[in-house]
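Chain by chain, the residues:
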Amino acid sequence: QQQVKQSPQSLIVQKGGISIINCAYENTAFDYFPWYQQFPGKGPALLIAIRPDVSEKKEGRFTISFNKSAKQFSLHIMDSQPGDSATYFCAASRETSGSRLTFGEGTQLTVNP
Amino acid sequence: KAGVTQTPRYLIKTRGQQVTLSCSPISGHRSVSWYQQTPGQGLQFLFEYFSETQRNKGNFPGRFSGRQFSNSRSEMNVSTLELGDSALYLCASSFTDSGTDTQYFGPGTRLTVL
């Protein structure tokens, strides 16, 4: 019940296109859903996060959509740029269970110029 | 503010040896978590320390252990290394031990077991 499933495993989009990455979780006790971005040779860095009391959160070109009833959430990257090429991880945690993140499997995004 | 630092960055060991990895959190952060990253298993939680106490432990064998010092610096130890322990070991720090507090990751220690 601790799993977070992420798809697709890899994604290729053209510059200016929309990148969409999906995640599904099982544990309804999760109450925090961050997305992390990781470049080669670097640790993951927080991109954007959402709580289940809102259905959408937007920060610049990045938007999280959250569907509590379906236990799904997704990351949308608008106007994708070559500099967005990285591995993206969705994650989930519980506010009261310490700093333990359960990660999805990761999506390798390539944005072609 | 300096980020999370991890030492060493690269390490090569042989089977049966033991290894100690170090993590210095962001100044003022009291929570340190460790994760193992591999191509096959992705990012898996190892353990979390807050104020020198282990708060959470992932599903790893007892060969994996850790500790946190009074200055919040943390170390993890892997004894009797196996080939499958080859991975990138990431440390993350946060100000509190709340699950909604942003975790800041270090660059990791790349461990290769031969």
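Before reading on, note that the structure itself is shown above.
These numbers were taken from a predicted model, which means no experiment stands behind them.

Criteria and thresholds
Residues numbered from 1 in each chain as written. Chains lettered and ligands numbered in written order. Predicted model: local features only at pLDDT ≥ 70, side-chain atom pairs only at ≥ 80, totals over all residues. Heavy atoms only, no water. Contact = heavy atoms within 4.5 Å. Salt bridge = Lys/Arg side-chain N within 4 Å of Asp/Glu carboxyl O. Polar contact = N/O pair within 3.5 Å; in protein donor to acceptor, adjacent residues only side chain to side chain. Nonpolar A, V, L, I, M, F, W, Y, C, P; charged D, E, K, R; others polar. Helix = DSSP H or I, 4+ residues; strand = E, 2+ residues; numbered from the N terminus.

So, the interface of chain B and chain A
Logical step 1: Contact residues are listed per partner, giving 25 residues for chain B and 20 residues for chain A.
Logical step 2: Our count for the contact surface shared by chain B and chain A stands at zero salt bridges.
Logical step 3: Counting across the chain B and chain A interface gives 14 residue pairs in polar contact (both at pLDDT 80 or more).
Logical step 4: For the side of chain B that touches chain A, the per-class residue count stands at seven nonpolar, 13 polar and five charged.

Observations concerning the side chain of S99 of chain A
Logical step 1: Relative to the elements of secondary structure, S99 of chain A occurs in the loop between β9 (86-92) and β10 (102-103).
Logical step 2: Only 3.2 Å separates the side chain of S99 of chain A from the side chain of S31 of chain B, close enough to count as a polar contact.
Logical step 3: Side-chain polar atoms of S99 of chain A contact the side chain of S94 of chain B, separated by 3.3 Å.
Logical step 4: Beyond its immediate stretch of four places on either side in the chain, S99 of chain A contacts S31, S33, Y35, F45, E48, N56, S94, T96, D97, S98 and Q103 of chain B.

Concerning unusual backbone geometry
Logical step 1: The omega angle of the peptide bond from S7 of chain A to P8 of chain A is -5°, so this bond is cis rather than trans.
Logical step 2: Structurally, the position occupied by P8 of chain A is in the loop between β1 (4-7) and β2 (10-14).
Logical step 3: Note the cis peptide between T7 of chain B and P8 of chain B, where omega equals -10°.
Logical step 4: Structurally, P8 of chain B is set in the loop between β1 (5-7) and β2 (10-13).
Logical step 5: The phi angle at S51 of chain B is positive, at roughly 50°, despite the residue not being glycine.

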